[in-house]
Amino acid sequence: MTIAADLRVAAPASSNPSAHRILEDRLTSLYGAVAPKLLARVDRALAQAAQARPEPLRALDAARQSDPDWISRSGETVYTFYVDRFAGDLQGLIDHLDYLQGLGVRWLHPLPLLKAREGESDGGFAVQDYGAVEPALGDMATLERLAAELRARDMGLLLDVVCNHTAREHDWAVKARAGDPHFRAYYRLVTDASEVTRWEEDLVDVFPDTAPGNFTYDADLKAWVWTTFYPFQWDLDYSNPDVFLEMLGILLHLANKGVQGFRLDSAPFLWKRAGTNSRNQPETYAIVEAFRAALEIAAPSVLLLAEAIESLDDVLPFFGVSSAACSLAYNNGVMTALWAALADQDVGIVNRMLGAAAQRPDHGAWLNYVRCHDDLIWNALAQYASADDLQRWSRFYDGGGFSDGRRFQTAPGGVPSTNGMASALVGIGKPGVDQARACARLKLLYGVIHALDGWPLIYMGDELAMGNDVAFLDDPARAKEGRWLHRPDMDWALAAGAEAGGTGSDVLATMRLYGRAAQALNAAGVAGRAIPVHLGAGVLGFERRGGQPFLCLANFTEEAQTVTRPAPYDAPGRDRLTGRDIPSGPLTLAPYELIWWSVVA
Ligand code: GLC
């Protein structure tokens, strides 16, 4: 052991005193009198992790620390997918990296790949063993190989950490069911039916049809266990310091396997408080800040991504309240607003959401997306739109207008969210819908998210305009869960055909263009937040404020629209996507046309 390593073992506090102070402070606020003991245990875990950190990962830590603004670069494109549906297993994934790199992808976000419970697992979101890879997908050694291969390509791996709950079959839950008091205290157990009723009064069901209620009676436990999602997903009790320490240990372990970022699944639900809906509690943000501070000490290059599909006001604090927390958060407010604008042919709601999203702190970046593996949640816009608006958008995407989406379950009083692949929601393949326009809508949305500040996310198959997968209805294990509509198997025959100029080639080429164009923004000095520039109801306009002049214009209507650009954007410039020169004066955009205007270099 080297002397340097020795020092790290002895005193993680001294390697990054300010992060350590934050950690101590958060643990004290969360755990009061037991914090000093907990901190000593956390310090030991950090020291061991720091010592065990492989050299290439330390090099990455150093590189990212010397370039703190790297997170704000354009074109850090993420691709999200189920490993089995995309490539069969991890080795298959490694074999397909050229395809992803060709798409401009720099980060992979595979949906959960750690060992899940057998049978129903909510798509892998019910983890039985955080230390093992799902056997059907591979093993830890292959995961490490994948991470190393990605590093060699200057790419990164973002892994899901299902931190709010474990499977009922996780070792902790098994011990809890066997009556071990230490492990019973890892979960939120309630032994009195009236207490369940009291909690339920303030809680909102996430899956009211397929998993009604937030508690599940378990005969082994002789108690109700808190289950926000499915009955086999047991919520952990973060008011127990052991739970914090266990989850931190999992993060540190995976970080040293080469994982460069963690998607904190269901982050809003970590802390429960009577009399509230037990989402987005101040302690939840403090926990994430504590995780960040700990990683800062032992694995500083590792990112946290908040999976918080909530109102934007509740998402922003995931970037940190008193100190930095997540580096990335899903920009679900803007995403949902973009779909709403397409339905209404009116961009008012996008302007509102962009204005709100611009409040993010400098150290945070948005993960901008069009679709993901979950439903599109209209309720998350409730503070920015009227109940009528939400209803109208929900109805529209439930197979109305050009869309071929389907409604998803919602709690009483809520607005049904929407399932469906992006391609189906824009009308590709829907009889009676103009297909050129449908395709233009898909390209418009993806073009906008590549121009925003933050990281663009491509959902598997959207680059080929893959459609809905109704086959799930024939599978009894999935038939009741509408989200499987947009979780098809990757169509590699379609990909090969698109490559050769067949169906899908247009969207694929456009997506590749967006990847290149977004990365080119860096060299062109385009940077900073996306701020709305009002150009009328039908045309979205936003500038990037903080670098060279750049204006994104996007016609969200089926009609040509003529706009007048305010200074300095009324000057002659060039569309960075097509290379076309754009003179000063009024500018006419074709239906669904997208322009990335910047000054001629
Ligand atoms: C997250 C996931 C979702 C899952 C839930 C419970 O919201 O994205 O797919 O059902 O957490 O783990």
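Keep in mind that this is a model prediction, so the values were computed, not measured.

With respect to the site of the ligand
Then, number 1: In the vicinity of the ligand lie 13 residues, with Asp122, Arg263, Asp265, His373 and Asp374 positioned nearest.
Then, number 2: Within the side chain of aspartate 122, a nitrogen or oxygen atom sits 2.6 Å from an oxygen atom of the ligand.
Then, number 3: In the complex, 94% of the free accessible area of the ligand, which totals 300 Å², lies under the protein chains.
Then, number 4: Split by residue class, the shell around the ligand holds three nonpolar, four polar and six charged.

A short note on unusual backbone geometry
Then, number 1: For the bond running from alanine 567 to proline 568, omega is 5°, close enough to zero to count as cis.
Then, number 2: Its place among the elements puts proline 568 in the loop between strand 21 (561-563) and strand 22 (573-575).
Then, number 3: The phi angle at serine 278 is positive, at roughly 55°, despite the residue not being glycine.
Then, number 4: Looking at the element boundaries, serine 278 is found in the loop between strand 11 (261-264) and helix 14 (282-298).
Then, number 5: Assessed through its relative accessible area of 2%, serine 278 is described here as buried.
Then, number 6: Even without glycine at this site, tyrosine 592 takes up a positive phi of about 60°.
Then, number 7: Looking at where tyrosine 592 falls in the secondary structure, it is placed in the loop between strand 24 (587-589) and strand 25 (594-598).
Then, number 8: Taking the relative accessible area as the measure of exposure, tyrosine 592 reaches 4% and is therefore buried.

Brief notes about the layout of surface pockets
It is the rolling of a water-molecule-sized probe over the atoms that shows where space remains empty.
Then, number 1: Within this model, the largest pocket holds a volume of roughly 850 Å³.
Then, number 2: For the lining of the largest pocket, the per-class residue count stands at 15 nonpolar, 13 polar and 12 charged.

Some thoughts on helix 20 (residues 435-451)
Then, number 1: Along its 17 residues, helix 20 runs 24 Å from first to last C-alpha, staying within 8% of the 24 Å computed at 1.5 Å per residue.
Then, number 2: Counting buried positions over the 17 residues of helix 20 gives 13, a clear majority of the element.
Then, number 3: You can read the cap of helix 20 off the contacts: a side-chain oxygen lies 2.9 Å from the backbone nitrogen of alanine 436, and it is on aspartate 434.

Brief notes about the sheet that holds strand 1 (residues 77-81)
Then, number 1: Reading around the circumference, 1-2-5-11-12-13-14-17 is the order of the eight strands in this closed barrel, with parallel pairing throughout. Each adjacent strand pair in this sheet contributes to an overall mean axis angle of 25°, direction not counted.

Things to note about the sheet that holds strand 9 (residues 223-226)
Then, number 1: On the basis of which strands lie adjacent, the open sheet formed by three strands has the order 7-9-8 and antiparallel pairing. At either end of the open sheet lies a strand with only one pairing partner, and these are strand 7 (189-190) and strand 8 (215-218).
Then, number 2: In terms of strand pairing, strand 7 meets strand 9 through two bridges, oriented antiparallel. Looking across to strand 9, one finds that valine 190 is bridged to tryptophan 224.

Section: the confidence of the model for the protein chain
Then, number 1: Per-chain confidence: the protein chain averages 96 in pLDDT, with 98% of residues scoring 70 or above.
Then, number 2: The model gives residues 1-10 a pLDDT under 50, and that stretch makes nine contacts with residues more than four places away or in other chains.

Focus on the nonpolar core
The nonpolar side chains of a soluble globular protein tend to be buried, and buried together.
Then, number 1: Grouped together as the largest cluster of nonpolar side chains are 188 residues, with contacts concentrated most on Tyr79, Leu108, Phe262, Trp339 and Phe556.
Then, number 2: With 11 residues, the top contributor of residues to this core is helix 14.
Then, number 3: Residues contacting tryptophan 339, with those up to four places away along its chain left out, are Val370, Arg371, Leu376, Trp378, Tyr397, Ala422, Leu425, Val426 and Leu445.
Then, number 4: Among the nonpolar cores identified, the runner-up in size contains 12 residues, and Val533, Val563, Tyr569 and Leu589 belong to it.

What about the packing of aromatic side chains?
Then, number 1: Counted by the stated rule, this structure contains 35 aromatic pairs.
Then, number 2: Here phenylalanine 319 and tryptophan 366 contribute two aromatic rings whose centre-to-centre distance is 5.1 Å and whose plane-to-plane angle is 80°, an arrangement assigned as edge-to-face. Placement of the pair is phenylalanine 319 in the loop between helix 15 (312-315) and strand 13 (328-330) and tryptophan 366 in strand 14 (residues 365-369), with a sequence separation of 47 residues. Note on accessibility: phenylalanine 319 and tryptophan 366 belong to one class, buried.
Then, number 3: When the centroid spacing of 6.3 Å and the interplanar angle of 70° are considered together, the rings of tyrosine 397 and phenylalanine 402 count as edge-to-face.
Then, number 4: The class for phenylalanine 402 is buried, based on a relative accessible area of 9%.
Then, number 5: Among the aromatic residues, those joined into a cluster by ring pairs are Phe207, Phe229, Tyr230, Phe232, Phe269 and Phe408.
Then, number 6: Sitting over the ring of tryptophan 70, arginine 64 keeps its end group 4.1 Å from the ring centre.

Conventions adopted
Residues numbered from 1 in each chain as written. Predicted model: local features only at pLDDT ≥ 70, side-chain atom pairs only at ≥ 80, totals over all residues. Heavy atoms only, no water. Near = heavy atom within 4 Å. Polar contact = N/O pair within 3.5 Å; in protein donor to acceptor, adjacent residues only side chain to side chain. Areas by Shrake-Rupley, 256 points an atom, 1.4 Å probe, with all protein chains shown as cover. Nonpolar A, V, L, I, M, F, W, Y, C, P; charged D, E, K, R; others polar. Helix = DSSP H or I, 4+ residues; strand = E, 2+ residues; numbered from the N terminus. Buried < 20%, exposed > 50% of the residue type's maximum accessible area, 1.4 Å probe, protein only. 1 Å grid on protein atoms, 1.4 Å probe; cavity = no way out; pocket = protein on both sides within 12 Å on 5 of 7 lines; lining within 4 Å. Points joined across faces, edges and corners; volume = space filled by probe spheres on them. Expected span 1.5 Å × (residues − 1). Pairing = 2+ DSSP bridges. Axes fitted to C-alpha atoms, helices over the stretch in contact; angles between N-to-C directions. pLDDT = per-residue confidence, 0-100. Contact = heavy atoms within 4.5 Å. Core = buried A, V, L, I, M, F, W, Y, C linked by side-chain atoms within 4.5 Å. Phe/Tyr/Trp six-rings, centres within 6.5 Å; stacked < 30°, edge-to-face > 60°. Lys NZ or Arg CZ within 6 Å of the ring centre and 35° of its normal.

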